[in-house]
Amino acid sequence: MRRIGKVMKIAVTSTGKESASAMDARFGRTRWFMVADAETGAWEAHANEQNMNAVQGAGIQAAQLLVNLGVEAVITGHVGPKAFRTLKAAGVSIYLSEAATVEEALRLFRENRLSRVDQADVEGHWS
Amino acid sequence: MMDRPLKIAVASGKGGTGKTTVAVSLALTAAATGKTVQYLDCDVEEPNGHIFLKPQIHSRFPATVRLPEVIEKKCNGCGVCADICAYNAIAVVKEKVLIFPELCRGCGACSLFCPQGALVEISRPVGTVEIGAGAGVAFIRGVLSIGQIMSPAVIAAVKDAAGDQEITLLDCPPGTSCPVIEAVRDADAVLLVTEPTPFGLHDLTLAVEMTRALEKPFCVVLNRFDLGDDKTVAYCREENIPIVLSIADDRRIAETYARGEILIEALPSYAPVFTDAWERIWTWCIGRMPEKEVPAPANRERTATS
Ligand code: SF4
Ligand code: SF4
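Just so we're clear, the structure is a prediction, and the values are computed from it rather than from any experiment.

Visitor: Help me understand the pattern of salt bridges in this model?
Guide: Any two side chains of opposite charge can pair, on the condition that their charged atoms come close. All names here are of chain B. Scanning the model with the defined rule gives 19 salt bridges over all chains in all. The salt bridge partner of Glu-239 is Arg-212, with a shortest N-O separation of 2.9 Å. Within this pair, whereas Glu-239 is found in the loop between helix H8 (231-238) and strand S11 (243-247), its partner Arg-212 is found in helix H7 (residues 198-213), the two being separated by 27 residues in sequence. Given the relative accessible area of 30%, Glu-239 is considered partly exposed. On the accessibility criterion, Arg-212 (38% relative accessible area) is partly exposed.

Visitor: Where do I start with the sheet that holds strand S3 (residues 56-70) of chain B in this structure?
Guide: The strands making up a sheet associate through backbone hydrogen bonding, with each pair oriented either parallel or antiparallel. Residues and elements named next belong to chain B. If you walk across this open sheet you meet the 9 strands as S3-S6-S7-S2-S8-S1-S9-S10-S11, and the pairing is mixed. On the outer flanks of this sheet lie S3 and S11, each paired with one strand and no other. Strand-to-strand twist across the sheet, computed as the mean angle between neighbouring axes with direction ignored, equals 20 degrees. With 4 bridges connecting them, strand S2 (residues 37-41) and strand S7 (residues 137-144) associate as parallel partners. Looking at the pairing, Leu-40 lines up with Ile-140 of S7. Contacts between helix H1 (residues 19-32) and the sheet are confined to strand S1 (6-11), S2, S7, strand S8 (167-171), strand S9 (189-194), strand S10 (218-223) and S11, with S8 contributing the most and set at about 170 degrees to the helix. Its contacts with the sheet put H7 on S9 and S10, and the angle it makes with S9 is roughly 170 degrees.

Visitor: Looking at this structure, I do not really get the environment of B:Tyr257. What am I missing?
Guide: All names here are of chain B. Checked against the element boundaries, Tyr-257 lands in helix H9 (residues 251-258). Taking the C-alpha atoms as reference points, Tyr-257 and Leu-26, separated by 231 residues in sequence, lie 15 Å from one another. There is a polar contact of 3.1 Å between the side chain of Tyr-257 and the side chain of Asn-48.

Visitor: What is the right way to read the site of ligand 2 from this model?
Guide: In the region of ligand 2, the neighbouring residues are B:Pro68, B:Cys85, B:Tyr87, B:Ala89, B:Ile90, B:Cys104, B:Arg105, B:Gly106, B:Cys107, B:Gly108, B:Ala109 and B:Cys110. Of the residues assigned to the shell around ligand 2, the class counts are 9 nonpolar, 2 polar and 1 charged.

Visitor: Looking at this model, I keep getting lost on the site of ligand 1. Mind explaining?
Guide: Taken together, B:Cys75, B:Asn76, B:Gly77, B:Cys78, B:Gly79, B:Val80, B:Cys81, B:Val97, B:Cys114, B:Pro115, B:Gln116 and B:Leu119 form the complete shell of residues around ligand 1. In the shell around ligand 1, the residues fall into 8 nonpolar, 4 polar and no charged.

Visitor: Explain the packing of H7(B) against H8(B) here, please?
Guide: Residue and element names in this part refer to chain B. Where H7 contacts H8, the axes come no closer than 10 Å and their chain directions differ by 25 degrees. Considering their axes alone, H7 and H8 lie roughly parallel with respect to each other. In the crossing of H7 with H8, the sense of the turn from one axis to the other is right-handed. Side by side, H7 and H8 meet where Leu-201, Leu-204, Thr-205 and Val-208 of the first sit next to Lys-231, Thr-232, Tyr-235 and Cys-236 of the second. Of the residues assigned to the contact of H7 with H8, the class counts are 5 nonpolar, 2 polar and 1 charged.

Visitor: It is not clear to me how the environment of A:His78 should be interpreted in this structure. Could you clarify?
Guide: Residues and elements named next belong to chain A. Position of His-78 relative to the elements: it lies in the loop between strand S4 (73-76) and helix H3 (81-89). The class for His-78 is partly exposed, based on a relative accessible area of 39%. Residues His-78 and Gly-28, spaced 50 residues apart in sequence, show a C-alpha to C-alpha distance of 9.3 Å. When residues no more than four places from it in sequence are discounted, the contact partners of His-78 are Ala-25, Arg-26, Phe-27, Leu-96, Asp-121 and Val-122.

Visitor: Sorry if this is basic, but what is going on with the sheet that holds S4(A) here?
Guide: All names here are of chain A. The strand order S3-S2-S1-S4-S5 describes an open sheet built from 5 strands, whose pairing is mixed. Only two strands of the sheet have a single partner each, and these edge strands are strand S3 (43-47) and strand S5 (93-96). Along the sheet, successive strands turn relative to each other by an average axial angle of 25 degrees, direction set aside. Direction of pairing for S4 relative to S5: parallel, over a ladder of 4 bridges. What sits directly across from Thr-76, in S5, is Leu-96. Helix-sheet contacts for helix H2 (residues 58-68) involve strand S1 (9-14), strand S2 (32-37), S3 and S4, and the interaxial angle to S2 is about 25 degrees. Helix H4 (residues 102-110) contacts S1, S2, S3, S4 and S5 of the sheet and is inclined by roughly 140 degrees relative to S1.

Visitor: What is the right way to look at a nonpolar patch on the surface in this model?
Guide: Residue and element names in this part refer to chain B. Where nonpolar side chains cluster on the molecular surface, the patch consists of Ile-84, Leu-112 and Phe-113 and spans about 310 Å² of accessible area. As for its placement among the helices and strands, Phe-113 is situated in helix H4 (residues 109-113). For Phe-113, a relative accessible area of 45% corresponds to the partly exposed category.

Quick notes on the rules
Residues numbered from 1 in each chain as written. Chains lettered and ligands numbered in written order. Predicted model: local features only at pLDDT ≥ 70, side-chain atom pairs only at ≥ 80, totals over all residues. Heavy atoms only, no water. Salt bridge = Lys/Arg side-chain N within 4 Å of Asp/Glu carboxyl O. Helix = DSSP H or I, 4+ residues; strand = E, 2+ residues; numbered from the N terminus. Buried < 20%, exposed > 50% of the residue type's maximum accessible area, 1.4 Å probe, protein only. Pairing = 2+ DSSP bridges. Axes fitted to C-alpha atoms, helices over the stretch in contact; angles between N-to-C directions. Contact = heavy atoms within 4.5 Å. Polar contact = N/O pair within 3.5 Å; in protein donor to acceptor, adjacent residues only side chain to side chain. Near = heavy atom within 4 Å. Nonpolar A, V, L, I, M, F, W, Y, C, P; charged D, E, K, R; others polar. Parallel < 35°, antiparallel > 145°, perpendicular 65-115°, else oblique. Left-handed = near helix turned anticlockwise from the far one by under 90°. Patch = residues over 30% accessible without salt bridge, like charges linked within 9 Å, V, L, I, M, F, W, Y side chains within 5 Å. Areas by Shrake-Rupley, 256 points an atom, 1.4 Å probe, with all protein chains shown as cover.

Structural data, given as C-alpha cells:
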C-alpha cells in the first residue's frame, strides 16, 4: 500500500474487526477501531469495548487510545465536542464519512473525497 | 401528627406546567398550618420563585466547584492523572493535559496522585446562593452564572444552605436530567406536576421513570385538569399513582401568574383547595416514610419522666 498522503496511520470506526466490516457511525462508543498502517499496508483491529461502556467520557478515552496507537487521522460518522477537543490537542485529523464499509471509507479518503472537520458535529451530553 | 421534618420536591417532566405556582402556594399553605417552612428554588437556570415570594435577601455567597488545574512547567505528561480519574475527566495526549470541567466531580484524586505535584485544585465560582425570607416562608435560591453549565453544583450549594425548617419545598428544574436528580436526591417525596395532554403525559412517564429509579415515593398534581384528555388520569390509575391535587384551567390563574401574585392570595377561593391538598400530601408522605426514621409522636410527658 502506498503512503496515504502524509498520514501514516489512519483509524476507521467499525462494527467488526474486518476491513470489510460495516462502519460504526459512533466515535466514542464504536465497537472497533480498524487501523490501517500506510507503511506495511496492514489492517489492525482494536477493540473499544472498555470505552464503549464508559458511563461518561467515552469519546475522550477512545481519542486517547488512538493517540497512544500513533494514529494521525480518524474517519468516523459523528464526533462530539470532548472527543474533538482531545483529538485536536493531539493533532489528529478528523474526517466524517457515511461510507458503508471500512474499506470504502478508506478508499474515499485516498481519493480525497472526504472533508476534514473543524468542529464537533454532535452536542455532548452535559452533566 | 408527627414532627419529623419533611422535604418535598416539586418537579415536572417539562417547563411551564405550573410547578412554581404549586410549590409557592403549597409553601404558604403549609406555613398557615403553623409549621416552619422553607422554599428552595433549585431551578437555578431560570429561578422564578422570588417573583412571587418577593423575599428580602439577607445573605449571598458564591457556589463553587473545585477543579484541578495543571502547572505546566511541573508536568511531565506521565498520564497518571488520566488513569486515576474514575470520571474520565482528564485526558493526556502528546504530553498535554486536558481537563473536562463538565465531567469532573471534584474528588481530588488526580492532584493527590500526580507524582510531580503538577495539579492543584482551584475553587471556581459557578453561581450564587441567596438566602432570605418572604411571604412568611424562608427562601433560598441558587442562580447559575451566565455561561456556566454546572447546575448540579449550584443546586447542591442551595441544599447545603438549607435550614432545619419542619417543611422544605424544593422547586426543581424541569426535565429529567442530572440537575433534577441532584434536586430530588434527598427529598422524602416528589410531587410531579403535569397537564393532561399527550405531550404532558409523555413527559410525565419519563419523570415517573426517573423518580422510580431514585426510589422516591411520588404523587401527581394535575394542572388544567379539564383541558386535555383523560389518558393521564387513566395512566395514574393503572400505575397506582395518587393524584393529590387537581387545578382547573382558569384564565385568572394565568393572570395572577403574569402579575407575579401568589395564587392562593390573589384568588382566595383556591385556598381551601390547597389546604385540602396539603393535608392529603402530608398524610400521604408520612404514610410513606421509612419506619425507623419516623420518631414516636411527640410526647413530652414520657420524655420528662424517663
Ligand atoms: S499526573 Fe501530573 S505529571 Fe503526570 S500527566 Fe498528570 S499532571 Fe502531568
Ligand atoms: S478531581 Fe477527580 S473527577 Fe476531577 S479530574 Fe481529578 S480525579 Fe477526575
